[in-house]
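Overview (structure and organization)
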Amino acid sequence: MKRTCLYDKHVALGALMSPFAGYDMPIQYTNITDEHQAVRQACGVFDVSHMGEVSVRGKDAERYVQHIFTNDVSGAPQGKIFYGMMCYPNGGTVDDLLVYKMAVSTSHLGEQEFFLVINAANIDKDWAWMQEQAQGFDIDLQNKSDDYGQLAVQGPEAEKVMEEVLQLPCKELEFYTAKVTHPLEKTGETVIISRTGYTGEDGFEIYASPDYINECWDKLMASGGRCKPCGLGCRDTLRFEVGLPLYGDELSQDITPIMAGLGIFVKLDKEGGFIGRDALARQKAEGVERKLVGIELKDKAIPRHGYTVLNAEGEPIGEVTTGYHTISSDKSVCMALVDSRYAKLDTPLQIQIRKKVFPGVVVKKRFYDKHYKK
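Here is a short report on the structure shown in this document. (Residues numbered from 1 in each chain as written. Predicted model: local features only at pLDDT ≥ 70, side-chain atom pairs only at ≥ 80, totals over all residues. Heavy atoms only, no water.)

**Considering the environment of Phe 115**
Residue position: Phe 115 is located in strand β7 (residues 112-118). C-alpha separation for the pair Phe 115 and Lys 144, spaced 29 residues apart in sequence, amounts to 9.5 Å. Excluding its chain neighbours within four sequence positions, the residues that come into contact with Phe 115 are Glu 53, Val 54, Leu 98, Val 99, Tyr 100, Met 102, Tyr 148, Ile 192 and Tyr 207. (Helix = DSSP H or I, 4+ residues; strand = E, 2+ residues; numbered from the N terminus. Contact = heavy atoms within 4.5 Å.)

**Points about the packing of helix α2 (residues 32-41) against helix α7 (residues 232-241)**
It is at 8 Å that the axes of α2 and α7 come closest, and there the two elements cross at 55 degrees. If you check the angle between α2 and α7, you find them oblique. The handedness of the crossing between α2 and α7 is right-handed. Contacts from Ile 32, Glu 35, His 36, Val 39 and Arg 40 in α2 reach Gly 233, Cys 234, Thr 237, Leu 238 and Glu 241 in α7. Considered class by class, the residues forming the contact of α2 with α7 number 4 nonpolar, 3 polar and 3 charged. (Axes fitted to C-alpha atoms, helices over the stretch in contact; angles between N-to-C directions. Parallel < 35°, antiparallel > 145°, perpendicular 65-115°, else oblique. Left-handed = near helix turned anticlockwise from the far one by under 90°. Nonpolar A, V, L, I, M, F, W, Y, C, P; charged D, E, K, R; others polar.)

**Focus: unusual backbone geometry**
Even without glycine at this site, Gln 167 takes up a positive phi of about 55 degrees. Following the sequence through the fold, Gln 167 ends up in the loop between α5 (158-165) and β10 (178-181). One non-glycine residue, Arg 354, adopts positive backbone phi at about 55 degrees. Assignment of secondary structure puts Arg 354 in the loop between β18 (348-353) and β19 (356-363).

**So, the environment of Ala 158**
Tracing the backbone shows Ala 158 in helix α5. According to the relative accessible area criterion, Ala 158 is buried, its value standing at 0%. Residues Ala 158 and Gly 44 lie 114 residues apart in sequence; the distance between their C-alpha atoms is 7.8 Å. In contact with Ala 158, not counting residues within four places along its chain, are Ala 42, Cys 43, Val 153, Asp 202, Gly 203 and Phe 204. (Buried < 20%, exposed > 50% of the residue type's maximum accessible area, 1.4 Å probe, protein only.)

**Some thoughts on α5**
Of all the positions in α5, only Ala 158, Glu 159, Val 161, Met 162 and Val 165 are classed as buried. Along its buried surface, α5 packs onto β9 (149-154), β11 (191-194), β12 (203-208) and α6 (210-221). Positive backbone phi, at 55 degrees, marks Gln 167, one or two positions downstream of α5.

**Overview of the sheet that holds strand β13 (residues 228-230)**
Sheet strands pair via backbone hydrogen bonds, and the direction of the pair is either parallel or antiparallel. One open sheet holds the 6 strands; their spatial order is β10-β11-β12-β9-β3-β13, and the pairing between them is mixed. The open sheet is flanked by β10 and β13, the only strands paired with a single partner. Neighbour to neighbour, the strand axes of the sheet diverge by 25 degrees on average, direction disregarded. The pairing of β9 with β12 spans 6 bridges and is antiparallel. The residue of β12 that forms the bridge with Gln 154 is Gly 203. Along the sheet, α2 contacts β3 (44-47), β9 and β13; its crossing angle with β13, the most-contacted strand, is approximately 120 degrees. (Pairing = 2+ DSSP bridges.)

**A look at the side chain of Ser 252**
Summarising the element assignment, Ser 252 is placed in the loop between α7 and α8 (277-286). Apart from residues no more than four positions distant in its own chain, Ser 252 is found in contact with Gly 92, Thr 93 and Tyr 247.

**Digging into the pairing of β18**
Bridge analysis of strand β15 (residues 308-310) against β18 gives 2 bridges, and the strand direction is antiparallel. Across the sheet, the residue bridging to Leu 310 is Gln 350, located in β18. Hairpin geometry of β18 and β19 is characterised by an intervening segment of 2 residues between the two adjacent antiparallel strands and by a positive phi of about 55 degrees at Arg 354.

**Remarks on the packing of aromatic side chains**
Here a ring pair, both rings aromatic, is described through the centre-centre distance and the interplanar angle of the planes. The full count for this structure, using the stated rule, is 11 aromatic pairs. Taking 5.2 Å as the distance between ring centres and 70 degrees as the angle between the ring planes, the aromatic pair formed by Tyr 88 and Trp 129 counts as edge-to-face. Taken as a pair, Tyr 88 in the loop between β5 (81-87) and β6 (93-101) and Trp 129 in helix α4 (residues 123-133) lie far apart in primary sequence, 41 residues in all. Residue classification places Trp 129 among the buried residues on the basis of a relative accessible area of 12%. Ring geometry for Phe 240 and Phe 367: centres 5.0 Å apart, planes at 40 degrees, overall tilted. Of this pair, Phe 240 sits in helix α7 while Phe 367 sits in the segment after β19, placing them 127 residues apart in sequence. Looking at Phe 240, the relative accessible area reads 0%, which means it is buried. (Phe/Tyr/Trp six-rings, centres within 6.5 Å; stacked < 30°, edge-to-face > 60°.)

**Things to note about helix α3 (residues 61-68)**
The buried fraction of α3 amounts to 6 of the 8 residues, a majority that puts the element mostly inside the structure. When we look at burial in α3, the residues that qualify are Ala 61, Glu 62, Tyr 64, Val 65, Gln 66 and Ile 68. Buried positions along α3 lie against β4 (52-58), β5, β6, β7, α4 and β8 (140-143).

In structure tokens form, the structure reads like this:
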């Protein structure tokens, strides 16, 4: 079991630790509800140092990224970030990830550079896949996952906390943009700051050396309660409420971006195409047999991953991918992969929860509305 650079800090704070994606990670410090509300109402910080980072540099860097990535990064300005997927030829999802367009190196005229952030559970698989697809491209591909620690500072007060507690200027960043900075107190330290997150709130993510991440954590913990430590428990409740997918639940090698309702991040007409393009184009044109939907129950019962979804006649038509009784909106809801015939909004469905069946209705997958800073 691996440990992040902040493991000892979590243990010292009394966090409940549990295995996740091959790491011993904090699930909660106080309780999930308190930590969830801290992020919704003020500011919370997550140790996400388990995430993977890959750098792509070289003359063919953009062409390579275009080849493996569903979104279109062509001509992107420095600092722009894109969300999308890597797919197998049949359209199944290798992983969902963020792609950062980084600065052009002054030492290699015309060189392109990208920074890819991948899911912790998929690092080994993704790295093998990326290496396999790199044949024929003039690039320098490097797995940097062990070089970086990462913090996610999230919530409506995140900007103030970043600037006032961590002394990291960031207010100029727009949503889904990033910058590289060199804090004065750490000579030679290179830090990547992005206005991104996985909570449905405004927020930032910090990528830096493990030593610097430890310093940032200590400052946040000494800030007089301005930023609460948060575990992976509320990270999941927060992302779920705003309809953000989790690989392994809402995306997988058997669940394509089209099935998951993520077609907006699949640019079928981009020049040169990408791996899986033809299969996804067929799915978009012909439709898919299964679709990811939101379901709201008319009861307090909680639908969990793997529970069976039934139509109004009691016939099995799918299963739950993620379900909770939401903390922010006080509703029993879930995301579920169901027969496409039953995916229309307001369609009555049922969910089998142990020995009982509970009625529900198809709703939008975004169960809680929160506006980001533009």
